[in-house]
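Structure assessment
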Amino acid sequence: MSEVACWKGRNVLISGHTGFKGSWLTLWLHSLGANITGFSLPPPTKPSLFEEANIAELINHIEGDVRDLAAVDAAFKASQPSVVFHLAAQPLVRLSYDEPVETYSTNVMGTVNFLDAARRCKTVDAVVSVTSDKCYENREWIWPYRENDPMGGHDPYSSSKGCAELVISAYRNSFFPASSIKNGGVAVASVRAGNVIGGGDWATDRLIPDIIRAFQKNESPVIRSPNSVRPWQHVLEALGGYIQIAERLIADEAEFADGWNFGPADDDAKPVSWIVEQLQSLWSGANEAIPFTGEMPHEAGLLRLDCSKAYSALGWRPRLPLKDALQWIVDWSSEVGGVTNAREATMQQIEKYRQL
């Protein structure tokens, strides 16, 4: 089945559709003909890609909190989804130190609520639940983490994502067993991406948005942890993997109801300092960065993902080298600041990526 044929007319429910990643996913699936209902809190930033691209006019937009099970149930009833993408989360490590209760209640109980609603909704065929590369017990070693490595997390955010993975596994084993999938049962997968980057991300305390903001204001970006290595990847790389997994689940391929890593090529796991240098070279008139001197709560120093499972079983591959991804971000930011609107700039890059 072709990509368009798979999604055309299909009812899709996306939680967290007002966020950065959710907005890109919503525009991509809408372009394939899906009937989309979004369930989320209002956009987490001002400005936001959701508002700048006028996404609400394209879909059935429902404001609600994933911690409210009755509201989640109502969204399932209203949308009657075939496929569910659960992205809603508190996504920031540093904020989790300030708001640990909100982080756990959103990331853990929000996942419970969405899976429990899916369990009771007769139309659901597939659920793709998004966690994080930080769900693993980080031992600060040089080897990349595989899907069967232990869950963990030093900080509340990382721990909450590890907890969410345990919830997904328990629900899959208890209510969505692989043996039931070909007989109409729900297929559930979890997906773990690296540090996603792209145009339209206005989050605070996130490296590339902070740098772009500083450049746009003709200020010097403030950089913390210059030696930390992360699996940087364009948002479309991760979303492409999520969509491929959903398509396999729709086709009742039970072996894909599992956990999956989607990270960059090995040579694109780069230190923060490399990202800063590349963006300075791409942005005309960029100021030099200055080091952060404030309090530094613990964050992982080295983190890499082993994606060989997705390579061999799914045929998925990163398509966009990190240097090109950074160029796309600069291009997107420059175009939206000029004559191109946010939806057009985003759709141009989605179509360009699909042709790679």
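To keep things clear, this report deals only with the structure shown in the data block. Predicted model only: the values in this text are computed from it and were never measured. (Residues numbered from 1 in each chain as written. Predicted model: local features only at pLDDT ≥ 70, side-chain atom pairs only at ≥ 80, totals over all residues. Heavy atoms only, no water.)

**Section: helix H12 (residues 322–336)**
What counts here: Only DSSP runs of H or I covering at least 4 residues are called helices, and only runs of E covering at least 2 are called strands; the numbering of each starts at the N terminus. What a helix is expected to span follows from its residue count: subtract one and scale by 1.5 Å. The buried label applies to any residue whose accessible area, calculated with a 1.4 Å probe on protein chains only, is under 20% of its type's maximum; exposed applies above 50%, and partly exposed to all values in between.
Along its 15 residues, H12 runs 21 Å from first to last C-alpha, staying within 8% of the 21 Å computed at 1.5 Å per residue. Among all positions of H12, only Leu322, Ala325, Leu326, Trp328, Ile329, Val330, Trp332 and Ser333 are buried.

**A few points about unusual backbone geometry**
Going from Lys46 to Pro47, the amide bond is cis rather than trans, its omega being 0°. Here Pro47 is to be found in the loop between strand S2 (35–40) and helix H3 (49–52). Here the phi dihedral of Gln80 falls at roughly 45°; this positive angle occurs in a residue that is not glycine. Mapped onto the secondary structure, Gln80 falls in the loop between helix H4 (69–79) and strand S4 (83–86). Although it is not a glycine, Asn218 sits at a positive phi angle of roughly 60°. Its place among the elements puts Asn218 in the loop between helix H8 (207–216) and strand S8 (222–223). Among the residues examined, Asn218 registers a relative accessible area of 56% and is labelled exposed.

**Looking at the nonpolar core**
Let me state the cut-off plainly: Joining through side-chain atoms within 4.5 Å is the link that ties buried Ala, Val, Leu, Ile, Met, Phe, Trp, Tyr and Cys residues into a set, and such a set is a nonpolar core. By definition, residues are in contact when any of their heavy atoms lie within 4.5 Å.
Of all hydrophobic cores here, the largest spans 81 residues; its most connected members are Trp7, Leu29, Phe85, Tyr242 and Ile245. If one sorts the elements of this core by residue count, helix H9 (residues 235–250) sits on top with ten residues. Tyr242 has contacts with Lys21, Phe85, Val128, Val130, Val191, Ala193 and Phe262, leaving out every residue within four places of it along the chain. Formed by 23 residues, the second largest nonpolar core is a distinct cluster that contains Leu13, Ala75, Ala118 and Val188.

**Some thoughts on the pattern of salt bridges**
One side chain can pair with another of opposite charge once the charged atoms of both are near each other. What counts here: What makes a salt bridge here is a side-chain nitrogen of Lys or Arg within 4 Å of a carboxyl oxygen of Asp or Glu, nothing more.
By the definition in use, this model includes 17 salt bridges. With a shortest N-O distance of 3.0 Å, Asp116 and Arg119 are connected by a salt bridge. Of this pair, Asp116 and Arg119 both sit in helix H6 (residues 100–120), three residues apart, roughly one helical turn. The salt bridge involving Asp149 is made with Arg146; its shortest N-O contact spans 3.9 Å.

**Describing the sheet that holds strand S11 (residues 269–271)**
Heads up, the condition is: Two strands are counted as paired when DSSP detects at least two bridges linking them. The axes used here are C-alpha line fits, helices contributing only the stretch in contact, and every angle between their N-to-C directions lies in the interval 0 to 180 degrees.
Pairing is mixed in the open sheet, where three strands are placed in the order S7-S9-S11. Each having just a single partner strand, strand S7 (195–197) and S11 make up the two edges of the open sheet. Averaged over all adjacent pairs, the angle separating strand axes in this sheet is 50°, with direction ignored. Summarising the sheet, S7 and strand S9 (residues 229–234) pair through three bridges and their orientation is parallel. When the bridges of S9 are listed, Asn195 appears paired with Trp232. Packing of H9 onto the sheet brings it into contact with S7 and S9, and relative to S9 it is tilted by some 75°.

**Notes on the sheet that holds S4**
With respect to topology, seven strands assemble into an open sheet ordered S3-S2-S1-S4-S5-S6-S10, the strand pairing being parallel. Each end of this open sheet is capped by a strand with a single partner; those strands are strand S3 (60–63) and strand S10 (259–262). Ignoring which end each strand starts from, the neighbouring axes of this sheet average 20° apart. For strand S5 (residues 126–130) and strand S6 (residues 187–193), the ladder comprises five bridges, and the chain directions are parallel. From the neighbouring strand, Val130 faces S6, where its bridge partner is Val191. Along the sheet face, helix H2 (residues 20–31) touches strand S1 (11–15), S2, S4, S5 and S6 and points at about 170° away from the line of S1. Docked against the sheet, H4 engages S1, S2, S3 and S4, running at close to 170° with respect to S2.

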